[in-house]
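Geometric and topological summary
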Amino acid sequence: MKQQYLTNVVTLVYTEENCSGCGRCAEVCPHAVFEMQGRKARVIDRDRCMECGACARNCPSDAISVHAGVGCAAAIIQGMLTGKEPNCGGPDCGDSEGDDGGGVRCC
């Protein structure tokens, strides 16, 4: 079964004017959201983004921002590795109010 993502919900913001052309975003993105074209990164498909934040953490020119959301793979992986509930660091993480019983609402 092919995995499907929701369209137009990702929080990825890329500001091309700030891009220094280092290529780190294209190197670290696990879903190939970015590619280098000339001396600038280009977003190929925003909807591929799983909001792990690797691109933003590795961008030396602050051209990229991502807010952890429903695709917060880093929190899910960290939770699996530590045996704890995933916590993306968002304002609702750890807050059981409004939880639907599934255990995790922000990740």
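Relevant structure appears above.
Residues numbered from 1 in each chain as written. Predicted model: local features only at pLDDT ≥ 70, side-chain atom pairs only at ≥ 80, totals over all residues. Heavy atoms only, no water.

1. Here's the deal with the nonpolar core
In terms of nonpolar packing, the biggest core is built from 15 residues, with L12, Y14, F34, C55 and I64 touching the most fellow members. When neighbours within four sequence positions are excluded, C55 is seen to be in contact with L12, C25, V28, F34, I64 and V66. (Core = buried A, V, L, I, M, F, W, Y, C linked by side-chain atoms within 4.5 Å. Buried < 20%, exposed > 50% of the residue type's maximum accessible area, 1.4 Å probe, protein only. Contact = heavy atoms within 4.5 Å.)

2. Focus: the pattern of salt bridges
Enumeration over the complete set of coordinates arrives at three salt bridges. For E16, the salt bridge identified is with R42, shortest N-O distance 2.7 Å. In this pair, E16 sits in the loop between β1 (13-14) and α1 (24-28) while R42 sits in strand β3 (residues 40-43), placing the two residues 26 residues apart along the sequence. Among the salt bridges present, the one from R24 reaches E27, with a minimum N-O distance of 2.5 Å. Here E27 and R24 lie together in helix α1, a separation of three residues that amounts to about one turn. Judged by its relative accessible area of 32%, R24 is partly exposed. Note on E27: relative accessible area 54%, which makes it exposed. (Salt bridge = Lys/Arg side-chain N within 4 Å of Asp/Glu carboxyl O. Helix = DSSP H or I, 4+ residues; strand = E, 2+ residues; numbered from the N terminus.)

3. Digging into the environment of Q37
Its location among the elements puts Q37 in strand β2 (residues 34-37). Overall, Q37 belongs to the partly exposed group, its relative accessible area being 37%. Linking Q37 and G21, residues 16 residues apart in sequence, is a C-alpha distance of 9.1 Å. Of the polar contacts made by the side chain of Q37, one reaches the side chain of E35; its length is 2.8 Å. (Polar contact = N/O pair within 3.5 Å; in protein donor to acceptor, adjacent residues only side chain to side chain.)

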